[in-house]
Amino acid sequence: MDLTYTAEEEEFRARLREWLATALPKLPPRPDPLDWPGRRAYDCGWQRTLYDAGYADVHWDASPTRRLIFLEETERAGAPYVGANFVGLLHAGPTIAAEGTVEQRARWLPPVLRGDEVWCQGFSEPDAGSDLASLRTRAVRDGDHYVVSGSKTWTSHAEVADWCELLVRTDASSPKHRGITWLAMPMDAPGITVRPLRTLAGSTEFAEVFLDEVRVPVANRVGEENDGWRVTMVTLSFERGTAFVGEVVACRRLLGELAREARSSGTWDDPAIRRALGRLGAEFRALWRLTQWNVSEAEATGGAPGAGGSVFKLRYSHARQELYDTAAAVLGPDALDLGRAWNPDRLSSLSYTIAAGTSQIQHDIVAERILGLPKGR
């Protein structure tokens, strides 16, 4: 794999960097992190700015390498991340772009790109998290609609979403992986109840969603009926393949800040601190190269990120936790100050070995799809 950038790609980087330097100072103040309606407005406003400048479709229509450059440069410049647009831009949107009909792409993709509509993810259930195929939310065909009943949990951004990428069981008699269907559900449909969940960091970007005979048009089905598991694998390949790219850049930036903090506070004299910072520097550099390799592979094959995304997700989840453990060691007693800006990220890092597929699931994927080992019992 060629991990270098072409002259054309470097020109794209230079243009983007110049535009960011002009656009970012014009942004309004960021809203309170706990104000999700305010954050939705802010995030969608930034997305509209990207749309007007011609950068909104970089997640779908640009090559994987240009997408990587975009994420790298926007993170380095301190630009807003996708925020409330996370599911639409990085999960549902790419899935619809890859699997949707012409009509579905025309209906759902432009509003996401303009920042007009926000999506949430209705995958996990109280008894179907790591074993997602055990989901029980059922959908019964009634003419031109599915009638959906059940519940979802850890539904990202449900409290501000217009649409939900929803997994339902449409055939209870089939093996569990073969009776699932992927639906786009309008969040204003009758029968939907959203109850926010407060995280350890105090935020409410997740929710429980209860569905009581919600009618979803059959036209909102992406892929064939009972083929939802395959469509879901497309979604998850994007989630594990490129969705964390910006965060790797942010972690490398935080690592540099920690090194400067260690030098100014005197903790740099501790050889254990120096070793930890040096090892993490090598770790995140390797993760960045792995990201480049995964993107290069996807570009060469013309498909979504493959099983290499699970290798990345597995190691990144643990490296992020180790980074914030090291940050606590560098800061000493000051790490107990929950008002410090990085503390919410530290608390959220604890979830990364669970979110987007547990580390145990990633181990299984690597063992089966890369190493060719037999499936575990």
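Okay, so let's go over this structure.

What counts and how
Residues numbered from 1 in each chain as written. Predicted model: local features only at pLDDT ≥ 70, side-chain atom pairs only at ≥ 80, totals over all residues. Heavy atoms only, no water. Helix = DSSP H or I, 4+ residues; strand = E, 2+ residues; numbered from the N terminus. Buried < 20%, exposed > 50% of the residue type's maximum accessible area, 1.4 Å probe, protein only. Contact = heavy atoms within 4.5 Å. Areas by Shrake-Rupley, 256 points an atom, 1.4 Å probe, with all protein chains shown as cover. Salt bridge = Lys/Arg side-chain N within 4 Å of Asp/Glu carboxyl O. Pairing = 2+ DSSP bridges. Expected span 1.5 Å × (residues − 1). Arc of directions from axis to C-beta. Core = buried A, V, L, I, M, F, W, Y, C linked by side-chain atoms within 4.5 Å. Phe/Tyr/Trp six-rings, centres within 6.5 Å; stacked < 30°, edge-to-face > 60°. Polar contact = N/O pair within 3.5 Å; in protein donor to acceptor, adjacent residues only side chain to side chain.

1. A few points about the overall build of the protein chain
And then number 1: The helix and strand inventory of the protein chain stands at 11 helices and 8 strands.
And then number 2: Looking at the protein chain residue by residue over its 377 residues, the buried ones come to 51%.
And then number 3: Considering only contacts in the protein chain between residues 6 or more positions apart, those separated by 24 or more positions represent 73%.
And then number 4: For the protein chain, the computed accessible surface area is about 17,500 Å², with 52% contributed by carbon and sulfur atoms.

2. Digging into the pattern of salt bridges
And then number 1: What the rule picks out here adds up to 22 salt bridges.
And then number 2: Asp52 is the partner of Arg48 in a salt bridge, and the nearest nitrogen-oxygen pair spans 3.2 Å. Remark: Asp52 and Arg48 occur in helix 2 (residues 36-53); sequence separation between them is 4 residues, near one turn of the helix.
And then number 3: Across the salt bridge formed by Glu73 and Arg76, the nearest N and O atoms sit 4.0 Å from each other. Note that Glu73 and Arg76 are positioned in helix 3 (residues 64-76) at a spacing of 3 residues, about one turn of the helix.
And then number 4: Classification of Arg76 as partly exposed rests on a relative accessible area of 47%.

3. Quick notes on the pairing of strand 1 (residues 119-122)
And then number 1: What you see with strand 1 is no split at all: Trp119 and Gln121 on one side and Cys120 and Gly122 on the other are buried throughout.
And then number 2: Bridge count for strand 1 against strand 4 (residues 163-169) is 4 bridges, and the pairing is parallel. Note that in strand 4 the partner of Gln121 across the bridge is Glu165.

4. Concerning helix 1 (residues 7-23)
And then number 1: Across its 17 residues, helix 1 extends 24 Å between first and last C-alpha, which sits within 8% of the 24 Å expected from 1.5 Å per residue.
And then number 2: For helix 1, every residue scored as buried is listed here: Glu9, Phe12, Arg13, Leu16, Leu20 and Ala23. Mapping the buried residues of helix 1 onto a view down its axis gives an arc of 100°, with all of them on the same face. Seen from the open side of helix 1, the exposed residues pointing more than 90 degrees away from its buried face are Ala7, Glu18 and Ala21.
And then number 3: Along its buried surface, helix 1 packs onto helix 2 and helix 3.

5. Here's the deal with the nonpolar core
And then number 1: Counting 27 residues, the largest nonpolar core has Leu89, Ile96, Trp108, Trp119, Leu167 and Trp182 as the members making the most contacts within it.
And then number 2: At the level of elements, helix 4 (86-99), helix 5 (102-114), strand 4, strand 5 (180-186) and helix 6 (228-241) are the ones that each hand at least two residues to this core.
And then number 3: Examining the composition of this core, we find that 6 residues originate from one element, helix 4, more than from any other.
And then number 4: Within the second largest apolar cluster, 22 residues are counted, among which are Val148, Ala161, Ile192 and Val214.

6. Re the environment of Leu132
And then number 1: Structurally, Leu132 is set in the loop between strand 1 and strand 2 (138-142).
And then number 2: Using a relative accessible area of 8% as the deciding quantity, one classes Leu132 as buried.
And then number 3: With 35 residues separating them along the chain, Leu132 and Leu167 place their C-alpha atoms 9.4 Å apart.
And then number 4: Once residues within four sequence positions are removed from consideration, Leu132 is found in contact with Phe123, Ser124, Leu167, Trp229 and Thr232.

7. What about the packing of aromatic side chains?
And then number 1: Under the definition given, this model contains 9 aromatic pairs.
And then number 2: Note on Trp154 and Phe206: the rings are 5.8 Å apart at their centroids and 90° apart in plane angle, and the pair reads as edge-to-face. Pair noted here: Trp154 is in the loop between strand 3 (145-152) and strand 4 and Phe206 is in strand 7 (residues 206-217), with a separation of 52 residues, a long-range link.
And then number 3: An aromatic cluster of three or more residues is present, and its members are Phe12, Trp19, Trp46, Tyr55 and Phe70.

8. Quick word on unusual backbone geometry
And then number 1: Phi at His157 is positive, roughly 65°, even though this residue is not glycine.
And then number 2: Inspection of the secondary structure assignment puts His157 in the loop between strand 3 and strand 4.
And then number 3: According to the relative accessible area criterion, His157 is buried, its value standing at 7%.
And then number 4: Its identity is not glycine, yet Asn226 carries a phi of approximately 70°, on the positive side.

9. Some words on the side chain of Thr137
And then number 1: Structurally, Thr137 is set in the loop between strand 1 and strand 2.
And then number 2: Among the polar contacts made by the side chain of Thr137, one reaches the side chain of Glu125 at a distance of 2.7 Å.
And then number 3: A polar atom in the side chain of Thr137 sits 3.2 Å from the backbone oxygen of Ser151.
And then number 4: Beyond its immediate sequence surroundings of up to four residues, Thr137 is in contact with Glu125, Val148, Ser149, Gly150, Ser151, Lys152, Leu167, Val168, Arg169 and Leu211.

10. With respect to helix 5
And then number 1: Taking 1.5 Å per residue, 13 residues should reach 18 Å; helix 5 reaches 18 Å between its end C-alpha atoms and fits that length.
And then number 2: Among all positions of helix 5, only Gln104, Trp108, Leu109, Pro111, Val112 and Leu113 are buried.
And then number 3: On the buried face of helix 5, the contacting elements are helix 2, helix 4, strand 1, strand 4, strand 5 and strand 8 (221-222).
And then number 4: Within two residues after helix 5, Gly115 carries a phi angle of roughly 80°, on the positive side.

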